[in-house]
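This is what each chain is made of:
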Amino acid sequence: MAKTRASLAKRIALGVAATLVALVVVATAAFFMLFGHEFKTLTSIQKVDDYPLYTMTYDGDYGIDEFLAQGGASNDAELIDFVVGRIMKGLPITIELPDLACSTFNATTPEGDAIFGRNFDLEYSPGMLVRTNPTDGYASVSMVNLGFLGYGEQKLPEDLVSSLTTLAAPYAPLDGVNEAGLAVGVLLIDTDPTDQQTDKVDITTTTAIRMMLDGCATVDEAVAMLGEYDMHSSANSCYHFQIADASGDSAIVEYIGDELSVLRPGDETTMGTSEGTAYQAATNFLLTPGDYDFGGGQDRYEVLMGALEASNGAVSEEGAMDMLQSVSREVQVRDDGSVFQTQWSCVYNLDDLTASIIMGGKYDEPAFEVSLAE
């Protein structure tokens, strides 16, 4: 009788164990059906610079077509609602763009490659280089300030749990380049926020960058795309974009009285063309001719344009980084204790499809190099 009971207990135990294993298998399968792409994305994160800078390869669809189909977003809150529901599975996040004191320019190397330079100036900003490869769009790399997603010195994406919010990164790019050779950067303007009100689909500043990188191969295509949507500035501020492509073409897109204003090399500003080489620069004031010169950074603009004019718009990648260093912001400690400086400097080669990145003003150290071909 004792043997029979022991045998029965053993069979029951084995049955329970088998059931538990089956449940674990089913649960694991269900998890990867629901979160497999997200898990693969988060496990791709690598720290590549101690400032810090991270890299992440986004796996799967981040829903930009769905975002536009539902009417887009006319403010950050609506964008956050979409990201929380579509990507974050209900996990609350913040996306916030504070004052950006930045510089951009485009030029051509002596070998004929189109290049795009960008300084991002702000308080301490952990950076992330995000790779995306949408099914119906262009692959790209873009820089994201993780501070906009709630990260800082006390919270960084160092493990699976702490990195969850980085899943929103595709919706918060500030500059980048795609596989077609289109580059874009955004810069703050100290004037009234853009708030276009027509019957077009609504987009915000960072979603516009995402859409340009995903869907445009040339400056003309990017400018045309921006004209198809109602722009609403993120963080209740105003911004302008500098856009360049592999042909050497470029444009600066501004919003004057909620109307699109497009500036090309050789327009009625100090932007120039020389011997067939076009170049432009932008900082933090409006360049549209007229009584619209709101903002600052005129000193940085003059330095960049002076260097471009002196070289007839021909600058090596090393020279481009030197130009960025010449207009970089040194460490400034503000009254509230925050430290303001150039957070990253990027030189994008629009023909080779590479990016060289220096974090935290460490110009005496080797840049982090990345290629879209990798």
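Right, let's walk through the structure included here. (Residues numbered from 1 in each chain as written. Predicted model: local features only at pLDDT ≥ 70, side-chain atom pairs only at ≥ 80, totals over all residues. Heavy atoms only, no water.)

Overview of the overall build of the protein
Regarding its fold elements, the protein presents seven helices and 21 strands. The buried share among the 374 residues of the protein stands at 54%. Sequence separation of 24 or more characterises 66% of the internal contacts of the protein that already satisfy a separation of 6 or more. Counting every atom, the protein has about 16200 Å² of accessible surface; 52% of that belongs to carbon and sulfur. (Helix = DSSP H or I, 4+ residues; strand = E, 2+ residues; numbered from the N terminus. Buried < 20%, exposed > 50% of the residue type's maximum accessible area, 1.4 Å probe, protein only. Contact = heavy atoms within 4.5 Å. Areas by Shrake-Rupley, 256 points an atom, 1.4 Å probe, with all protein chains shown as cover.)

A word on helix 6 (residues 298–310)
Over its 13 residues, helix 6 runs 18 Å from end to end, which matches the ideal 18 Å to within 8%, given 1.5 Å per residue. Of all the positions in helix 6, only Arg300, Tyr301, Leu304, Met305 and Leu308 are classed as buried. Taken down its axis, helix 6 places every buried residue within 125° of arc, on the same side. Away from the buried face of helix 6 by more than 90 degrees, exposed residues Asp299 and Ala310 are located. (Expected span 1.5 Å × (residues − 1). Arc of directions from axis to C-beta.)

Here's the deal with helix 4 (residues 205–215)
Burial analysis of helix 4 places ten of its eleven residues in the buried class, which makes it a mostly covered element. For helix 4, the complete set of buried residues consists of Thr205, Thr206, Thr207, Ala208, Ile209, Arg210, Met211, Met212, Leu213 and Asp214.

Notes on the packing of aromatic side chains
Scanning all chains against the criterion turns up ten aromatic pairs. Look at Phe67 and Tyr171: their rings are 6.0 Å apart centre to centre, the planes differ by 65°, and that puts the pair in the edge-to-face class. In this pair, Phe67 sits in helix 2 (residues 64–69) while Tyr171 sits in the loop between strand 6 (140–145) and strand 7 (173–178), placing the two residues 104 residues apart along the sequence. Each of the two residues, Phe67 as well as Tyr171, counts as buried. Seen in terms of ring centroids, Phe120 and Phe148 are 6.4 Å apart; in terms of plane orientation they differ by 80°. Their pairing is edge-to-face. (Phe/Tyr/Trp six-rings, centres within 6.5 Å; stacked < 30°, edge-to-face > 60°.)

Looking at a nonpolar patch on the surface
On the surface, Leu91, Leu160, Val161 and Leu164 cluster together to form a nonpolar patch covering roughly 320 Å² of accessible area. Relative accessible area serves as the criterion here: at 66%, Val161 is assigned to the exposed category. (Patch = residues over 30% accessible without salt bridge, like charges linked within 9 Å, V, L, I, M, F, W, Y side chains within 5 Å. Salt bridge = Lys/Arg side-chain N within 4 Å of Asp/Glu carboxyl O.)

Brief notes about unusual backbone geometry
Residues Tyr51 and Pro52 are joined by a peptide bond in cis, for which omega reads 25°. Among the structural elements, Pro52 can be located in the loop between strand 1 (46–49) and strand 2 (53–57). One non-glycine residue, Asn312, lies in positive phi territory at about 55°. Within the secondary structure, Asn312 is located in the loop between helix 6 and helix 7 (317–326). With phi around 60°, Leu353 is a residue other than glycine that occupies positive phi space.

Focus: the side chain of Ser163
Within the element layout of this structure, Ser163 appears in the loop between strand 6 and strand 7. Ser163 gets classed as buried once you look at its relative accessible area, which sits at 2%. For Ser163, the residues in contact, after removing those within four places along its chain, are Leu42, Ile45, Tyr151 and Pro157.

What about the pairing of strand 1?
The pairing of strand 1 with strand 2 spans three bridges and is antiparallel. The residue of strand 2 that forms the bridge with Asp49 is Leu53. What sits between the antiparallel neighbours strand 1 and strand 2 is a turn of three residues. (Pairing = 2+ DSSP bridges.)

Examining the pairing of strand 11 (residues 238–244)
Counted residue by residue, strand 11 has seven buried out of seven residues, so it is predominantly covered. As judged from the seven bridges shared by strand 8 (residues 183–189) and strand 11, these two strands associate in the antiparallel manner. Across the sheet, Gly185 pairs through a bridge with Gln242, a residue of strand 11. Taken together, the four bridges between strand 11 and strand 12 (residues 250–256) define a ladder with antiparallel strand orientation. In the strand pairing of strand 12, Ile243 is matched with Ala251. Taking the residues that link successive antiparallel strands as the turn, the strand 11-strand 12 hairpin has five residues, and the phi of Gly248 there is positive, at about 95°.

Quick notes on a negative patch on the surface
On the surface, Glu111, Glu318, Asp322 and Glu369 cluster together into a negatively charged patch. Residue placement: Glu369 occurs in strand 21 (residues 368–371). (Lys, Arg positive; Asp, Glu negative; His and termini not counted. Charge placed at Lys NZ, Arg CZ, Asp CG, Glu CD.)

Concerning the sheet that holds strand 5 (residues 127–132)
Ordered in space as 1-2-5-6-7-8-11-12-13, the nine strands form an open sheet in which the pairing is mixed. With one partner strand each, in any of the chains shown, strand 1 and strand 13 (259–263) form the two edges of the open sheet. Each strand axis lies, on average, 25° off the axis of its neighbour in the sheet, ignoring direction. Where helix 4 meets the sheet, its contacts fall on strand 5, strand 6, strand 7, strand 8 and strand 11, and the angle it forms with strand 7 comes to roughly 5°. Helix 5 (residues 219–226) contacts strand 11, strand 12 and strand 13 of the sheet and is inclined by roughly 15° relative to strand 12. (Axes fitted to C-alpha atoms, helices over the stretch in contact; angles between N-to-C directions.)

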